Structure formats: C-alpha cells, structure tokens
Amino acid sequence: MTTLFDSHRLGDLTLPNRVVMAPMTRVRAAAGGLATPSMATYYAQRATAGLIVTEGVQPSSIGQSNPGTPGLHTDEQVAAWRPVTAAVHANGGRLFAQLMHGGRVSHPDTTGMRPVGPSAVPAAGKVFTPTGLQPPPTPRALETSEVAEHARSYARAARRALDAGFDGVELHGANGYLISQFLSSNANLRTDRYGGSVANRIRFAVEAATATVEAVGASRTGVRLSPGGTFWGIREADVPALYAELITELARLQVAYVHLEATAGDEVLLGLRRAWPGALIMNPVLPMGPKQTGRAEADHWLGLGADLISFGRAFLSNPDLVERLRTGLPLAPVDEATYYQGGDAGYLTYPAYQHTA
C-alpha cells in the first residue's frame, strides 16, 4: 500500500515523499510585491516536504488580490525571489509558485485600479485592503478582446518563475479567484464564447493552462481546482459535467498535476480521480474549515487513489511536519492571530519538535 513517505515522480522531479505544503497566503511581502529574506527562511524551514507550493503570487499588477502579497511580473520581483528558491534548493526542497489572479476579489485601494472579472458582479463578503476590510467593488467586465491577455498573464509570470529559480508553477483555478470566476455560473453571466455553456465557461481556464504549458512545459505546470466551492459567493452549475470536461482538456495538455480541494462530495471527487489520468494532489479537508488535514485523512485519500496529499495549516506551526507525521509526534497548534499580521512572529518562530530526555 502506498504511504505518505514513498517517493513519487512528478514531471521531471523525484519527490522524496508524498507530503505537499499547500499554498497559504501570509502577506509578508515587501513594498512592490517583493519577496523577503524572511520568506526565504520560512520556505527553507519546510523544505522536507515532497513539494512546496507557495502562497498566491500575482501574475500582473491588476491581478493582485490582497495587500502584502508577492508578484512575478517585474524584474525586481524575479530578483527578490531568487534567494527564496535558492534557500529551498539548498535545503533539498522543490518549489512551485502558485499564480493567482484575484479578478473581482480585489480593491482599488490595494492596486490603484478597478478590479476586473468576467461580469460586473461583485464578490460576496469583504476584501482585505491597506486600511482594513472593505466591501468588494463591482468589477469591470472584461471585453471579449481583453480576456486572452489575462489568460496569457499566467504564462508570462510562469516564465518569470522559472527565471527566478522555481521548479514549476500552479495555476490557482480555485477558491473564487479569476479562473474560478469564469467557471462560475453566477459570477460569469457572459453571453460570448467565455460564458453560458460548460464548454464556454472552461475556456478561460483552458486558455490560461495552454499558454502556460506552451511557455514553460507541461511537466512544470499544475492546476488547483475547488469543484463546487462557494468561496467569495461563487456558485457553479453542473459541477460534475463542468469539471469532467475541464479535466479532459487538462489531460489533453498533460499538465503535471491537478490539485483538488475537498469542496464537493466524495462521489464527485472520486469521479474526477477516475477521469484524470495524471498525478493527483488531494487536499482532504475544506480549506479554512473547522478541521485540519492529519495522517488519517491523508491515508484515507491515498487509499482512494490520490498520489500526493497537501497539508495547509499544519505546515504553518510545524516546519518539520514530515518528520512529525512519520514518527507520530504531536502537532503544534497554530496561532490564527498571526496568519496575516506581518512580521516574523507566527511566521519564523515555530520550532521543530523539541525532544526531552
């Protein structure tokens, strides 16, 4: 039986184990979306993961969702990331950059621009801004002629990611951000070739993935999805058909992996596992839900056919998570107050397990 600690071949990489550090926003970037020395330490501390997927990285200035997040759309940002990737590689790790275009989940106070989306429909809830939480504005609906440019922004950022030393990229197609907005049936009210039918609603995702594969290769491209997820007020009609068709197109592109979140029932997720011929990363619990992924959830999904298991919050407070899982050591609790507060407290201050005599 496959275990978390077996190696796995992923594209051109050999992963020493099947533990993936999931992407998690930490808003510790410097002005201008620059990575910092603290970010290098943070990721290097967790380099025993089979694969690390970074926090969401904006592929363009208008794609920034939250203040304090890093980018990959300027030469300065590329240069700032190089010490991060070098530190992870020096510690024996592998690192993919998650490319995240926020779409409508943004604010002019953050970017200086009106957010864009598939339609002029605001997100639900409140968005982070430099002065605190605010209601999300109504986005400007993209003209048909503009959509392809935003799809290509992922590919441009992917090329910059490789230049910065990353091993690959993950397109954030989940959790109510731009790709997810196009998949949606309530954020996407378009009547052109990007809206309406299942084939039209997956078009933006497929174009973004196609452009990225052409830019950096399929073996360096992954895609994260949240079938049926309701983040930021998203609703999706025809979830099984929508994702089955999208999976078919991603299989045609032969991307390195699909990263699924447990946002639908097991029947839907297992159907996608059967339909997807490539590597599957499974995040077994609802992101930001009441439960954290543990060994039991990981083993359950390995038994159901997942190839790799992503752990989110457990990695925040347990930089040595792989060893703790391997030896059955207790997991340290995470301080939620330090998720987004900035600074090194609750970021670099969680130690490896302290053995006592």
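Residue positions are given per chain, counted from 1 along the sequence in the order it is written. Under the rules for a predicted model, residues below a pLDDT of 70 receive no local features and side-chain atom pairs below 80 are neither given nor counted, while totals for whole chains, interfaces and linings still include all residues. As a rule here, side-chain values come from all non-hydrogen atoms in the structure, and water together with hydrogens is ignored.

## Let's talk about the overall build of the protein chain
Counting from the N terminus, the helices are DSSP H or I runs at least four residues long and the strands are E runs at least two residues long. Helix and strand counts for the protein chain come out as 12 helices and 14 strands. Computed over the C-alpha atoms, the radius of gyration of the protein chain is 19 Å, within 12% of the 21 Å expected from 2.2 N^0.38 for a compact globule of 357 residues. Projected onto its principal axes, the C-alpha coordinates of the protein chain cover approximately 65 × 45 × 35 Å. Relative accessibility decides the category of a residue: with a 1.4 Å probe and only protein chains considered, values under 20% of the type maximum give buried, values over 50% give exposed, and everything between is partly exposed. Buried residues in the protein chain amount to 59% of all 357 residues. Residue pairs at least 24 apart in sequence account for 70% of intrachain contacts in the protein chain once pairs closer than 6 positions are excluded. Element-wise, carbon and sulfur atoms account for 53% of the exposed surface of the protein chain, whose accessible area totals about 13200 Å². Each charge class in the protein chain can be summarised by its mean position, and for the 30 positive and 30 negative side chains these summaries are 1 Å apart. The globule rule is 2.2 Å times the number of residues to the power 0.38, and the radius of gyration it is compared with is taken over C-alpha atoms. Should any heavy atoms of two residues lie within 4.5 Å, those residues are considered in contact. Values of accessible area rely on a 1.4 Å probe in the Shrake-Rupley scheme; residue burial ignores everything except the protein chains shown. Within this scheme the basic residues Lys and Arg register as positive and the acidic residues Asp and Glu register as negative, but His and the chain ends are omitted. Charge positions come from single atoms, namely NZ of Lys, CZ of Arg, CG of Asp or CD of Glu.

## Considering the packing of aromatic side chains
Between the rings of Phe, Tyr and Trp (Trp by its six-membered ring), a pair exists once the centres lie within 6.5 Å; its type follows the angle of the planes, with under 30 degrees stacked, over 60 edge-to-face, and the other angles tilted. Enumeration over the complete set of coordinates arrives at 9 aromatic pairs. For the pair Tyr154 and Phe204, a centre-to-centre distance of 6.3 Å together with 65° between the ring planes defines the contact as edge-to-face. Of this pair, Tyr154 sits in helix 4 (residues 144-163) while Phe204 is found in helix 7 (residues 203-216), placing the two residues 50 residues apart along the sequence. Look at Tyr154 and you get buried, because its relative accessible area is 0%.

## Digging into the nonpolar core
Grouping buried Ala, Val, Leu, Ile, Met, Phe, Trp, Tyr and Cys residues that are joined through side-chain atoms within 4.5 Å yields what is termed a nonpolar core. Formed by 87 residues in total, the largest nonpolar core has its most connected members in Leu72 and Leu250. The contacts of Leu250, once residues within four sequence positions are left out, are Ala209, Val223, Leu225, Val255, Val258 and Trp276. One finds Leu13, Leu15, Val20 and Tyr257 within the second-largest nonpolar core, a separate group that totals 12 residues.

## Remarks on the packing of helix 7 against helix 8 (residues 239-253)
Under this scheme, a helix contributes an axis fitted over its contacting stretch, all axes are lines through C-alpha atoms, and angles between N-to-C directions fall in the 0 to 180 degree range. Direction vectors running N to C along helix 7 and helix 8 enclose 10°, while the axes themselves pass 10 Å from each other. Our classification of the angle between helix 7 and helix 8 gives roughly parallel. The two elements helix 7 and helix 8 cross, and the hand of that crossing is right-handed. On the side of helix 7, the interface is formed by Ala205, Val206, Ala209, Thr210 and Val213, while helix 8 contributes Leu246, Glu249, Leu250, Arg252 and Leu253. Its residues assigned to classes, the contact of helix 7 with helix 8 shows 7 nonpolar, 1 polar and 2 charged. Oblique is the label for any angle not under 35 degrees, not over 145, and not in the 65 to 115 range, which are roughly parallel, roughly antiparallel and roughly perpendicular in turn. Put simply, a crossing is left-handed when the front helix is turned counterclockwise from the back one by less than a right angle, and right-handed when it is turned clockwise. Polar here means any residue outside two lists: the nonpolar Ala, Val, Leu, Ile, Met, Phe, Trp, Tyr, Cys and Pro, and the charged Asp, Glu, Lys and Arg; Gly therefore counts as polar.

## A closer look at the packing of helix 1 (residues 37-45) against helix 2 (residues 75-90)
For any two helices packed against each other, the geometry comes down to the angle between their axes and how far apart the axes lie. With their axes 8 Å apart at the nearest point, helix 1 and helix 2 run at an angle of 25° to one another. With respect to helix 2, the axis of helix 1 lies roughly parallel. In the crossing of helix 1 with helix 2, the sense of the turn from one axis to the other is right-handed. Side by side, helix 1 and helix 2 meet where Met39, Ala40, Tyr43 and Ala44 of the first sit next to Trp81, Pro83, Val84, Ala87 and Val88 of the second. By residue class, the composition of the contact of helix 1 with helix 2 is 9 nonpolar, no polar and no charged.

## Quick look at the pairing of strand 12 (residues 257-261)
Counting buried residues along strand 12, 5 of its 5 residues qualify, which places the element largely inside the surrounding structure. The side-chain alternation of strand 12 yields two buried faces, one formed by Tyr257, His259 and Glu261 and the other by Val258 and Leu260. Pairing between two strands is assigned when DSSP locates at least 2 bridges connecting them. As defined by bridge partners, strand 11 (residues 221-225) adjoins strand 12 across 4 bridges and the pair is classed as parallel. Within the sheet, the bridge partner assigned to Val223 lies in strand 12 and is Val258. Where strand 12 meets strand 13 (residues 279-283), 5 bridges bridge the pair, whose relative direction is parallel. By the bridge assignment, Leu260 is partnered in strand 13 with Met282. With strands facing away from the observer, any crossover in which the path from the first strand over the helix to the second runs clockwise is taken as right-handed. Handedness of the crossover joining strand 12 and strand 13 through helix 9 (residues 266-275) is recorded here as right-handed.

## Considerations on the confidence of the model for the protein chain
As a note on interpretation, predicted positions should not be read in detail where pLDDT is low. Looking at the protein chain, the pLDDT average stands at 96 and 99% of residues meet or exceed 70. Every residue carries a pLDDT, the predictor's confidence in it, which falls somewhere between 0 and 100. Mean pLDDT across the secondary structure elements of the protein chain bottoms out at helix 10 (residues 295-303), with 93, and peaks at strand 5 (residues 95-99), with 99.

## Quick notes on the sheet that holds strand 5
Strand order in the closed barrel made by the 8 strands is 3-4-5-10-11-12-13-14, with parallel pairing throughout. Along the sheet, successive strands turn relative to each other by an average axial angle of 25°, direction set aside. Across 2 bridges, the pairing between strand 3 (residues 19-21) and strand 4 (residues 51-57) is parallel. In the sheet register, Val20 faces strand 4, and the bridge partner there is Leu51. Of the strands in this sheet, strand 3, strand 4 and strand 5 are in contact with helix 1, which crosses strand 4 at around 145°.

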